[in-house]
Amino acid sequence: MGAVLAAGLALSGCGGDKPAETAATETTAPAAAAGPLATPDEANGATITGKVVFTGQKPTMPTLDMSANPACERSHKGTEQKSEEVVVNPNGTLKSVFVWVKSGLPSGQRWAVPATTVSLDQNGCMYRPRVIGVMTGQNFQITNSDPTNHNIHPQPRVNPEWNESQSPGQVALTKTFARPEVMIAVKCNVHPWMRAFVGVVGHPFFAVTGDDGTFTIRGLPPGTYVIQTLHEKYGPMEQTVTVGPKESKAVDFSYKG
Ligand SMILES: [Cu+2]
């Protein structure tokens with residue numbers, strides 16, 4: 001797919017009447033030199049599943065004080081919004097853990113960017129969800145469901161920093177990050193309690209734990225992989241796992257808190 005795209009660009013750029021120049025452009029194009037883009041092999045690839053267990057004393061999260069912004073406070077209709085820095089699910093697992101293949105993929109392999117757009121909403125003056133994963137170059141879309149202004153301010157170390165405000169009902173912002181970076185913290189300049197995290201990976205093998213604390217990574221080539229989990233408070237954990245074609249293996253992680 002990448003080679004086709006590169007050839008198309010080379011042809012349109014040269015007008016079609018200079019074949020020698022076209023050929024030279026194709027062979028020097030980085031996309032052509034790096035080989036075709038791969039996609040996860042859902043039919044014959046391996047699957048790594050697991051859950052992230054929390055074994056420690058469940059921490060008490062503070063109630064967020066939204067009184068400085070009545071629109072935010074009203075959106076919770078009198079119920080308390082706790083900090084979501086740590087969310088232990090009812091089944092004893094940990095929510096919002098980023099899980100990714102840290103190493104072990106074939107070196108030099110380039111991966112197609114998933115066509116899906118990842119959503120990050122501002123709702124009740126909270127980022128929903130708190131943690132998202134995107135591949136380098138993959139679109140993610142930021143929406144504002146609140147009747148108040150927000151200011152989205154990612155604080156990357158490797159990618160360029162930006163900061164944009166978004167008013168109620170404003171059209172969604174569509175963004176990408178070009179370079180791998182796990183994780184990028186996102187804050188809101190208006191509401192200091194708002195926090196999100198974006199894991200940017202150079203391939204499509206990542207997941208985020210939800211309300212059941214599980215994750216599934218599908219379509220991996222056979223190989224030996226380092227799987228890393230990352231939690232914003234409890235940090236990283238790693239395990240190594242070897243999978244064959246069509247093989248499915250479970251790898252559970254356990255945070256003590
Ligand atoms: Cu905000």
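For the structure, see preceding data.
Keep in mind the model is a prediction, meaning the values are calculated, not measured.

Calculation rules
Residues numbered from 1 in each chain as written. Predicted model: local features only at pLDDT ≥ 70, side-chain atom pairs only at ≥ 80, totals over all residues. Heavy atoms only, no water. Donors = N, O, S within 2.8 Å, 3.2 Å for Na, K, Ca; no water. Tetrahedral: all angles 85-135°; square planar, octahedral: opposite > 155°, others 65-115°. Pairing = 2+ DSSP bridges. Helix = DSSP H or I, 4+ residues; strand = E, 2+ residues; numbered from the N terminus. Axes fitted to C-alpha atoms, helices over the stretch in contact; angles between N-to-C directions. Core = buried A, V, L, I, M, F, W, Y, C linked by side-chain atoms within 4.5 Å. Buried < 20%, exposed > 50% of the residue type's maximum accessible area, 1.4 Å probe, protein only. Contact = heavy atoms within 4.5 Å. Phe/Tyr/Trp six-rings, centres within 6.5 Å; stacked < 30°, edge-to-face > 60°. Lys, Arg positive; Asp, Glu negative; His and termini not counted. Salt bridge = Lys/Arg side-chain N within 4 Å of Asp/Glu carboxyl O. Polar contact = N/O pair within 3.5 Å; in protein donor to acceptor, adjacent residues only side chain to side chain.

Peer 1: What should I look at first to understand the coordination of the copper ion in this one?
Peer 2: Four donors placed tetrahedrally around a metal ideally meet at 109.5 degrees, and six donors placed octahedrally ideally meet at 90 or 180 degrees. Taken together, the protein donors to the copper ion comprise H150 (ND1), C188 (SG), H191 (ND1) and M194 (SD), at separations of 2.0 to 2.6 Å. Taken together, the four donor atoms coordinating the copper ion span angles of 95 to 138 degrees at the metal, a pattern that classifies the geometry as irregular.

Peer 1: I would appreciate a short explanation of the sheet that holds strand β8 (residues 140-144) in the present structure.
Peer 2: The pairing of strands in a sheet comes from backbone hydrogen bonds and takes either a parallel or an antiparallel form. Here four strands make up an open sheet; going across it, the order is β6-β5-β8-β11 and the pairing mixed. Edge strands, defined here as strands with exactly one partner in the open sheet, are β6 (127-128) and β11 (173-175).

Peer 1: Is there a simple way to explain the sheet that holds strand β12 (residues 181-188) in this structure?
Peer 2: Read across the open sheet, the five strands follow the order β7-β13-β12-β9-β10; overall the sheet is mixed. Each end of this open sheet is capped by a strand with a single partner; those strands are β7 (131-135) and β10 (164-166). Going from strand to strand, the sheet's axes swing by 30 degrees on average, the running direction of each strand aside. In the sheet, β7 pairs with strand β13 (residues 195-201) via five bridges, with the strands oriented parallel.

Peer 1: What should I look at first to understand the nonpolar core in this one?
Peer 2: The nonpolar side chains of a soluble globular protein tend to be buried, and buried together. The biggest cluster of nonpolar side chains holds 35 residues, and the ones touching the most others in it are I48, L94, V101, L220, Y225 and I227. When residues no more than four places from it in sequence are discounted, the contact partners of I227 are I48, V99, W100, V101, M237, E238, Q239, V241 and F253.

Peer 1: I'm lost on the packing of aromatic side chains in this one. Help?
Peer 2: To describe a pair of aromatic rings, one takes the distance between the centres and the angle between the planes. Counted according to the given criterion, the structure contains six aromatic pairs. Measuring from centroid to centroid gives 5.6 Å for F140 and F177, while their planes differ by 20 degrees, and the two rings are stacked. You can see F140 sitting in strand β8 and its partner F177 sitting in the loop between β11 and β12, a full 37 residues away along the chain. Ring centres of F215 and F253 lie 6.3 Å apart, and the angle between their planes is 55 degrees; on these two criteria the pair is classed as tilted.

Peer 1: Just checking my understanding: could you explain the side chain of T229 for this structure?
Peer 2: Mapped onto the elements, T229 comes out in strand β16 (residues 223-231). The class of T229 is buried, set by a relative accessible area of 0%. For T229, the contacting residues outside a window of four places in its chain are V52, V97, F98, V99, G235, P236, M237, F253 and Y255.

Peer 1: Honestly, the side chain of D146 in this entry has me stumped. Any pointers?
Peer 2: By secondary structure assignment, the location of D146 is in the loop between β8 and β9 (150-155). For D146, which is buried and forms no salt bridge, the nearest opposite charge comes from R128, at a distance of 8.7 Å. Within the structure, the side chain of D146 is placed 2.6 Å from the backbone nitrogen of G124, a separation counted as a polar contact. Here C125 takes part through its backbone nitrogen, which lies 2.8 Å from a polar atom of the side chain of D146.

Peer 1: Looking at this structure, how should I read unusual backbone geometry?
Peer 2: With the exception of glycine, the majority of residues adopt a negative phi angle, and the majority of peptide bonds are in the trans configuration. Going from R128 to P129, the amide bond is cis rather than trans, its omega being -5 degrees. Within the secondary structure, P129 is located in the loop between β6 and β7. In this chain, V182 is followed by M183 through a cis amide linkage whose omega measures -5 degrees. Along the chain, the position of M183 falls in strand β12. Of note, C125 is a non-glycine position whose phi angle comes to about 55 degrees, a positive value. Within the secondary structure, C125 is located in the loop between β5 (118-122) and β6. Even without being a glycine, K246 presents a positive backbone phi close to 60 degrees. Within the secondary structure layout, K246 lies in the loop between β17 (235-243) and β18 (248-250).

These figures come from the coordinates and say nothing about function on their own.
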